[in-house]
Each structure stands twice: as C-alpha cells, then as structure tokens.
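So you can see what is in the structure, the chains are spelled out below.
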Amino acid sequence: MTMAATLPAPAADGIGRRAARLLYRNGWLLLILLLAPPLLWLGVVYLGSLFALLLQSFYSVDGFTGMIVPEFTLSTYADLLTAANMDVVLRTAGMAAAVTILCALIGFPIAYYAARYARGRAKAAFYIAIMLPLWSSYLVKVYAWKLILAREGVVTWLAAKLHLTWLLDGILALPVVGGASLSSAYLGTAVVFVYIWLPFMILPVQAALERVPRSLTEASADLGARPSQTFWTVILPLAFPGVAAGSIFTFSLTLGDYIIPGIIGSSRPFIGQVVLQLQGTAGNVPLAAAFTVVPIVIMAVYLTAAKRLGAFDAL
C-alpha cells in the first residue's frame, strides 16, 4: 500500500502541497529529478558500454586457445595499423568524404529553392518529399536500389532505350569506381549512400538559409553586386554552418554503415563490415573494439573542425 492510501486524505494532501512547495522553491532539485533518468541512461548504459568497448581494445587474443587475454597490451593496435587494415580505414573514410561532398552539391540547390522561393503548399510539399523516403524501410530501399542498379536492372534498360549503353560501359570501365555493374561498383555504393542520407543534408542547410536575412541580399544588390557575387560573398558564408551541420550526419552515418556496403558494391569491406566479422565470425573482440576506435577518433577531429565552422549553431 502506498503512503497516500495509509494516511488520511487531508494529511496526504498536505504532504503533496509541501513537496510541491519544496520543488517550487528549490528549482535545482526539480532540475535534478528531471535530468536524473536520462543522465543515468547516458552515463551507465551508453558511456559505460563505450568505456567497456574501449577497454577491450587494449586486450589481446591468445593465438593457441582463441580466448581473450584481459591484460593491457598495445599489440591489438599494432595489428590495426597493418597495411590491409589501414586500407579498410582509408576506403571507408574516402567513401564517407565522397558521399558528404555529393550530398552537399545535390542538397544545397534543393534547400536554396525551398528556403528562397517555396511558399505555402509548395513548401509543405517540399517537406513531405524530403521526409517521405525516411518513412519507408531502410532495407527495402537498399534492396530496391540493388535491383535498379543490377546488370538487368532499370538503369541498364534505360541506357539501352536512350542508346547510351556506351556511356554506361565507359563509366563501369573507370578504375576504382567501376565494376561489372553498378550494383557491384563503388559508384553504385555512393549512389545509394547519397540517396539514403541526402535528407540529413538538405534539412540543416535549408534551416541555415532560412536564417539569412533578405535585407543583406537586398543591400548587396543595392551596392551593385551581381547575383553570383551575392551568392558567393553573402549567402554561402552565412549558410555554410548548415552545410557543416549536414556533413556531420552524412559523414558519420556513412562511416559506420555496414548494410549498404554489404549489399551494394564490391567485396572489399568497410569498417562496419570488418567489425561485424571480427565480433561474430572471427571472435576477435579486441581487434573489433580497436576498429571502432577509428571512427570515434575521426569524428572527434571532424566535430572539432565543424564546431569551428559554427555547425552546431545550425543544428
């Protein structure tokens, strides 16, 4: 039985009023009560598991028994720095950078139109069009793109109808990005990444462009600046924090994704795939933990640079 049930009604009401007055007079106590559950979750579950993961990266695996040896060693990081593993890191970081640049180039014009010209129903339609892909299943979208990009898929069929098969074959023949088909090439992997993460670039950029005062562009025009000069000297610098904010999402999400590279692209793995294999199939948890440190370090450097560019002001 609760205290309210065992006490008379007037006494229970009196305790409730005194508790309410105590919380009202001591705002810090109310703040602690409100923040305690999420901070407990963040500190124990998230940061605790992250600390445990980082700790295991300093362990090693016994070569004879295959058991984890819980003794401090840097041998796991020595294994991480081998040429094959560094190739995985550079491949993943390169793809993340390429996807981020492509998302910025594609997303900025869309966000600019939405912020400067779309009004009323057109702006509502813009938000629906941007958010609609996020409402469907991630896996369904990836497998749909695999069918679209396959050798017998829509892209190949459309290229044949437009008599552009020669162009598609030329693209697939390119070194590094090409392959037997778009579904097994790095170019296809980049296309799917851009499609999946593009909304995360458009929305921050659009929000940053909304904050650019029209009076500044009008003043620039009054002073004789051409539209291109106004864009490069006024609009782009003020909207760049939005681009930096969007790049945080596109870069970090690409850096840790293991599903898209496992379905679309070549057999050469990315960091997420290597971590999955080491954690599950190989049972080398220390090396898997060491691999997870790489995106953390990369994102720490990236976030520091983004903060200097004012990215957090546009989030």
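Refer to the structure printed above.
Right, let's walk through the structure included here. Quick caveat, the model's predicted, so the values are computed rather than measured.

**Here's the deal with the overall build of the protein chain**
So, point 1. Helices and strands together make up the secondary structure of the protein chain, namely 15 helices and two strands.
So, point 2. Of all 315 residues assigned to the protein chain, the portion counted as buried reaches 35%.
So, point 3. Total accessible area computed for the protein chain in this model is approximately 18,500 Å², and 72% of it derives from carbon and sulfur atoms.

**Brief notes about helix H5 (residues 83–116)**
So, point 1. Counted at 1.5 Å a residue, the expected span for H5 with its 34 residues is 50 Å, and the 49 Å between its end C-alpha atoms agrees.
So, point 2. Within H5, the axis deviates most sharply at Gly 107, by approximately 30°, and proline Pro 109 lies no more than four positions further along.

**With respect to the packing of aromatic side chains**
So, point 1. Summed over the entire model, instances satisfying the criterion amount to 14 aromatic pairs.
So, point 2. Arranged with centres 5.3 Å apart and planes meeting at 45°, the rings of Phe 58 and Tyr 77 form a pair that is tilted. Here the residue Phe 58 occupies a position in the loop between helix H3 (27–56) and strand S1 (60–61), and Tyr 77 occupies one in helix H4 (residues 75–80), the gap between them amounting to 19 residues.
So, point 3. Ring geometry for Trp 197 and Phe 200: centres 5.9 Å apart, planes at 65°, overall edge-to-face.

**Observations concerning the environment of Phe 193**
So, point 1. Tracing the sequence through the fold places Phe 193 in helix H10 (residues 186–210).
So, point 2. In this structure, the C-alpha to C-alpha distance between Phe 193 and Asp 257, residues 64 residues apart in sequence, is 9.3 Å.
So, point 3. Residue contacts for Phe 193: discarding those within four places in its chain leaves Met 95, Val 99, Thr 254, Asp 257, Ile 260 and Pro 261.

**Considerations on the side chain of Thr 92**
So, point 1. Topologically, Thr 92 is positioned in helix H5.
So, point 2. By relative accessible area, which is 1% here, Thr 92 ends up buried.
So, point 3. Among the polar contacts listed, one links the side chain of Thr 92 to the backbone oxygen of Val 88, at a separation of 2.8 Å.
So, point 4. Setting aside chain neighbours within four positions, we find Thr 92 in contact with Leu 255, Phe 270 and Ile 271.

**Looking at unusual backbone geometry**
So, point 1. With a phi close to 60°, His 163 is a non-glycine residue in the positive phi region.
So, point 2. Positionally, His 163 belongs in the loop between helix H8 (154–161) and helix H9 (165–172).
So, point 3. Of note in this structure, Val 176 is not a glycine but carries a positive phi near 70°.
So, point 4. When you line up the elements, Val 176 lands in the loop between H9 and H10.
So, point 5. According to the relative accessible area criterion, Val 176 is exposed, its value standing at 64%.

**Overview of a nonpolar patch on the surface**
So, point 1. A surface patch of nonpolar side chains, about 720 Å² in accessible area, is lined by Val 154, Trp 157, Leu 158, Leu 162, Leu 164, Trp 166 and Leu 167.
So, point 2. Going through the elements one at a time, H8 and H9 are the ones with two or more residues in the nonpolar patch.
So, point 3. Ranked by residue count, the leading element in the nonpolar patch is H8, at three residues.
So, point 4. Assignment of secondary structure puts Leu 162 in the loop between H8 and H9.

**With respect to the pattern of salt bridges**
So, point 1. Across all of its chains, the model carries three salt bridges by this definition.
So, point 2. For the salt bridge of Asp 87 with Arg 91, the shortest nitrogen-to-oxygen distance reads 2.4 Å. In this pair, Asp 87 and Arg 91 both sit in helix H5, four residues apart, roughly one turn of the helix.
So, point 3. Of the residues examined, Asp 87 reaches a relative accessible area of 39% and is grouped as partly exposed.

**Here we look at the packing of H10 against helix H12 (residues 227–256)**
So, point 1. Where H10 contacts H12, the axes come no closer than 8 Å and their chain directions differ by 150°. The angle between H10 and H12 falls in the class roughly antiparallel. The way H10 lies across H12 gives a crossing that is right-handed. In this structure, H10 contributes Phe 193, Trp 197, Phe 200, Met 201, Pro 204, Val 205, Ala 208 and Leu 209 to the contact, and H12 contributes Ile 235, Ala 239, Gly 242, Val 243, Ala 245, Gly 246, Ser 247, Phe 249, Thr 250, Leu 253 and Thr 254.

**Let's talk about the packing of H5 against H12**
So, point 1. Where H5 contacts H12, the axes come no closer than 9 Å and their chain directions differ by 135°. Taken together, H5 and H12 sit at an angle that is classed as oblique. With respect to the hand of their crossing, H5 and H12 are arranged in right-handed fashion. Between H5 and H12, the contacting residues are Thr 92, Ala 93, Met 95, Ala 96, Ala 97, Val 99, Thr 100, Cys 103, Ala 104, Phe 108 and Tyr 112 on the first element and Phe 231, Ile 235, Leu 236, Ala 239, Val 243, Ser 247, Thr 250, Phe 251, Thr 254 and Leu 255 on the second.
So, point 2. Each residue belonging to the contact of H5 with H12 can be placed in one class, and the counts come to 16 nonpolar, five polar and no charged.

**What to know about the side chain of Arg 91**
So, point 1. Residue Arg 91 is classed as buried on the basis of its relative accessible area, which comes to 14%.
So, point 2. Within polar-contact distance, the side chain of Arg 91 engages the backbone oxygen of Pro 269 at 2.5 Å.
So, point 3. Residues contacting Arg 91, with those up to four places away along its chain left out, are Tyr 186, Arg 268, Pro 269 and Phe 270.

What counts as what
Residues numbered from 1 in each chain as written. Predicted model: local features only at pLDDT ≥ 70, side-chain atom pairs only at ≥ 80, totals over all residues. Heavy atoms only, no water. Helix = DSSP H or I, 4+ residues; strand = E, 2+ residues; numbered from the N terminus. Buried < 20%, exposed > 50% of the residue type's maximum accessible area, 1.4 Å probe, protein only. Areas by Shrake-Rupley, 256 points an atom, 1.4 Å probe, with all protein chains shown as cover. Expected span 1.5 Å × (residues − 1). Bend = angle between axes of the 7 residues up to and from the residue. Phe/Tyr/Trp six-rings, centres within 6.5 Å; stacked < 30°, edge-to-face > 60°. Contact = heavy atoms within 4.5 Å. Polar contact = N/O pair within 3.5 Å; in protein donor to acceptor, adjacent residues only side chain to side chain. Patch = residues over 30% accessible without salt bridge, like charges linked within 9 Å, V, L, I, M, F, W, Y side chains within 5 Å. Salt bridge = Lys/Arg side-chain N within 4 Å of Asp/Glu carboxyl O. Axes fitted to C-alpha atoms, helices over the stretch in contact; angles between N-to-C directions. Parallel < 35°, antiparallel > 145°, perpendicular 65-115°, else oblique. Left-handed = near helix turned anticlockwise from the far one by under 90°. Nonpolar A, V, L, I, M, F, W, Y, C, P; charged D, E, K, R; others polar.

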